[in-house]
Amino acid sequence: MYELITDKNNLTYGTISGNETIVFIKPGLGGSIYGYENKYLQIAENLNKKFHCTVIVSPHDKNTEFDTEMEFIKDYTAQNNIFDYQIYYFGYSNGALIGMCEAYKYAEIKRLLLINAPLCMNPHKTIEGVKHFAGEKMILLYGEKDQSFHFVKLFSELSNEKVKFEIIPEADHNFTDKLELFMSLPEKYLFSLLESD
């Protein structure tokens, strides 16, 4: 289960302590730290158990600033004696869009899994964020039935050795009837496959 920690801005994070690899989970707009049928809690517990990573889940309030969340991670690691940490960012929907736009500003963010980011919002900022990303991997996954699926071709020219676009057949924006698949994606793309490709 999460340890709940409230920051100075009254934002309550769900945390599970572990090693210096921090998985930071950012739901879609309005999303809670638990998610539909506790999906984020289940993902957090699974990753912590298998990889001993630290997991921090942020609720997605429209007033939340990404810089504030990164400051929270910095404070959390200092208080828990976690040094030289790296962040694996997992964002869904608007949480994925934030990762596309903001992650490049933080050298500690090494890997990103971004699912169904809305590509029609802030395209210039999104493109700049992807172009400037200097970490290890940025994986952009889109359901074949997601609203942004048709825009993926326009962004696919941004693909390179670090940035990959992939399509998930038959999946819609919310992964309707595909909850188990959704919950398997962070392990598959942030941990397992990255070592072999």
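See above for the structure.
Residues numbered from 1 in each chain as written. Predicted model: local features only at pLDDT ≥ 70, side-chain atom pairs only at ≥ 80, totals over all residues. Heavy atoms only, no water.

Caption draft 1: Broad picture of the nonpolar core. Ranked by size, the top nonpolar core spans 36 residues in total, and within it Phe24 and Ile109 carry the most contacts. Every element with two or more residues in this core is listed here: β3 (21-26), α2 (66-79), β5 (86-92), α3 (94-102), β6 (109-115), β7 (137-143), α5 (152-155) and β8 (163-168). With residues near it in sequence (within four places) discarded, Ile109 still touches Phe66, Met70, Ile87, Tyr89, Ala103, Phe133 and Gly135. Of all hydrophobic cores here, the second largest spans 30 residues; its members include Ile16, Tyr92, Leu141 and Leu185. (Core = buried A, V, L, I, M, F, W, Y, C linked by side-chain atoms within 4.5 Å. Buried < 20%, exposed > 50% of the residue type's maximum accessible area, 1.4 Å probe, protein only. Helix = DSSP H or I, 4+ residues; strand = E, 2+ residues; numbered from the N terminus. Contact = heavy atoms within 4.5 Å.)

Caption draft 2: Representation of the pattern of salt bridges within the structure. Under the definition given, this model contains 6 salt bridges. Notably, a salt bridge pairs Glu187 with Lys50, separated by 3.2 Å at the nearest N-O pair. Of this pair, Glu187 sits in helix α6 (residues 179-192) while Lys50 sits in helix α1 (residues 39-51), and the two are 137 residues apart along the sequence. With relative accessibility at 47%, the residue Lys50 sits in the partly exposed group. A salt bridge links Lys125 to Glu102; the nearest nitrogen and oxygen atoms lie 3.3 Å apart. Remark: Glu102 occurs in helix α3 and Lys125 occurs in helix α4 (residues 123-132); sequence separation between them is 23 residues. When its relative accessible area of 43% is taken as the criterion, Lys125 is described as partly exposed. Classification of Glu102 as buried rests on a relative accessible area of 12%. Here the salt bridges share partners, and the residues they tie into one network are Glu102, Lys105 and Lys125. (Salt bridge = Lys/Arg side-chain N within 4 Å of Asp/Glu carboxyl O.)

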